[in-house]
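Listed below are the residues making up each chain.
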Amino acid sequence: MDWQNLAYAATQIVHNFGAVAVVGGAACALAWREAAVQRRLAWIVLIGWAIQAASGATFGAISFYHYGKFPDIHGIAVAALGVKMACAALGFTLAAWLLFAHPSSASSRHAWLALFVLGALALSSAAVLRWFS
Ligand code: HEM
């Protein structure tokens, strides 16, 4: 049993479900406007963004534990990782704003649209990071 591969695979499972939560949660909220549902979806999306940041950092931690350094990535891959981290920070903040600032219906619709775009951008950056690293 290769423990390093097992650790990466377990982290990737969590990371993949986090991606589903942030993108799928925002898509559902755009389609389903009922207040109680929107609040539950905002929690799912908030937790999803936190999970993405934590599991993303765990990838780096596993590499550091096994090799004593972080993966050697350059150029486009670093930019793609930066975009993902920025999306996670913005997405978390926006989901928290939806939950605690009690915005109007129009503002919340714009916020959900922005959350969906952030999720799609992060998902696209993941593909770039994967193939340019
Ligand atoms: C702080 C935020 C994040 C960090 C540090 C991070 C980091 C990483 C790392 C290191 C990998 C492995 C790359 C590889 O070697 O193949 C990865 C994969 C992946 N990430 Fe993230 N990530 C973050 C946020 C996100 C977000 C927000 C999404 C989606 C909404 C996402 C979706 C994915 C997907 C789908 C993969 C698998 C790519 C593939 O193998 O094809 N990540 N991420």
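Cut-offs used in this document
- Residues numbered from 1 in each chain as written.
- Predicted model: local features only at pLDDT ≥ 70, side-chain atom pairs only at ≥ 80, totals over all residues.
- Helix = DSSP H or I, 4+ residues; strand = E, 2+ residues; numbered from the N terminus.
- Buried ≥ 20, exposed ≤ 12 C-beta atoms within 10 Å, placed from the backbone.
- Contact = placed C-beta atoms within 7 Å.
- Near = placed C-beta within 6 Å.
- Nonpolar A, V, L, I, M, F, W, Y, C, P; charged D, E, K, R; others polar.
- Axes fitted to C-alpha atoms, helices over the stretch in contact; angles between N-to-C directions.
- Parallel < 35°, antiparallel > 145°, perpendicular 65-115°, else oblique.
- Left-handed = near helix turned anticlockwise from the far one by under 90°.
- Expected span 1.5 Å × (residues − 1).
- Core = buried A, V, L, I, M, F, W, Y, C linked by C-beta atoms within 7 Å.

1. Overview of the overall build of the chain
And step 1. Helix and strand counts for the chain stand at 4 helices and 0 strands.
And step 2. Written out in order from the N terminus, the α and β elements of the chain read α-α-α-α.
And step 3. A principal-axis box enclosing the C-alpha atoms of the chain has dimensions of 50 × 30 × 20 Å.
And step 4. Each of the 133 residues in the chain was classed as buried or not, and the buried ones make up 24%.
And step 5. Across the chain, every contact between residues at least 6 apart in sequence was considered, and the portion connecting residues at least 24 apart equals 79%.

2. What to know about the site of the ligand
And step 1. In the vicinity of the ligand there are 22 residues, among which Ala19, Gly56, Phe59, Ala122 and Ala126 approach most closely.
And step 2. Broken down by secondary-structure element, the contributors of at least two residues to the shell around the ligand are α1 (3-31), α2 (35-67), α3 (75-100) and α4 (105-132).
And step 3. At 7 residues, α4 tops the list of elements feeding residues into the shell around the ligand.
And step 4. In terms of residue class, the shell around the ligand is built from 14 nonpolar, 6 polar and 2 charged.

3. Overview of the packing of α2 against α3
And step 1. Viewed as axis vectors pointing N to C, α2 and α3 meet at an angle of 155 degrees, and their least axial separation amounts to 9 Å. In terms of axis orientation, α2 runs roughly antiparallel to α3. Of the two possible hands of crossing, α2 and α3 adopt the one that is left-handed. Side by side, α2 and α3 meet where Ala42, Trp43, Val45, Leu46, Trp49, Ala50, Gln52, Ala53 and Gly56 of the first sit next to Lys84, Ala88, Gly91, Phe92, Ala95, Ala96, Leu98 and Leu99 of the second.
And step 2. Of the residues assigned to the contact of α2 with α3, the class counts are 13 nonpolar, 3 polar and 1 charged.

4. Structural notes on the packing of α1 against α2
And step 1. For the pair α1 and α2, interaxial distance at closest approach is 8 Å and the crossing angle is 155 degrees. Considering the angle they form, α1 stands roughly antiparallel to α2. For the element pair α1 and α2, the recorded crossing hand is left-handed.
And step 2. Looking at the contact of α1 with α2 residue by residue, the class counts come to 17 nonpolar, 12 polar and no charged.

5. Notes on α3
And step 1. Helix length check: α3, at 26 residues, gives a terminal C-alpha distance of 38 Å against a target of 38 Å (1.5 Å per residue), a fit within 8%.
And step 2. Every buried residue belonging to α3 is among Ala80, Leu81, Lys84, Cys87, Ala88, Gly91, Phe92, Leu94, Ala95 and Leu98, and all of these are buried.
And step 3. Phi turns positive, to about 45 degrees, at His102, one or two residues after α3.

6. Observations regarding unusual backbone geometry
And step 1. Here His102, not a glycine, exhibits a phi torsion of approximately 45 degrees, which is positive.
And step 2. Considering the arrangement of structural elements, one finds His102 in the loop between α3 and α4.

7. Looking at the environment of Gly75
And step 1. Counting through the fold element by element, Gly75 comes out in helix α3.
And step 2. For Gly75, a count of 9 C-beta atoms within 10 Å corresponds to the exposed category.

8. Looking at the nonpolar core
And step 1. Core analysis: the largest hydrophobic core is formed by 20 residues, its most contacted members being Ala26, Ala42, Val45, Leu46, Trp49, Ala95 and Leu115.
And step 2. Residue assignment for this core shows that the elements contributing at least two residues are α1, α2, α3 and α4.
And step 3. When sequence neighbours within four positions are dropped, the list of residues in contact with Ala42 reads Ala95, Leu98 and Leu99.

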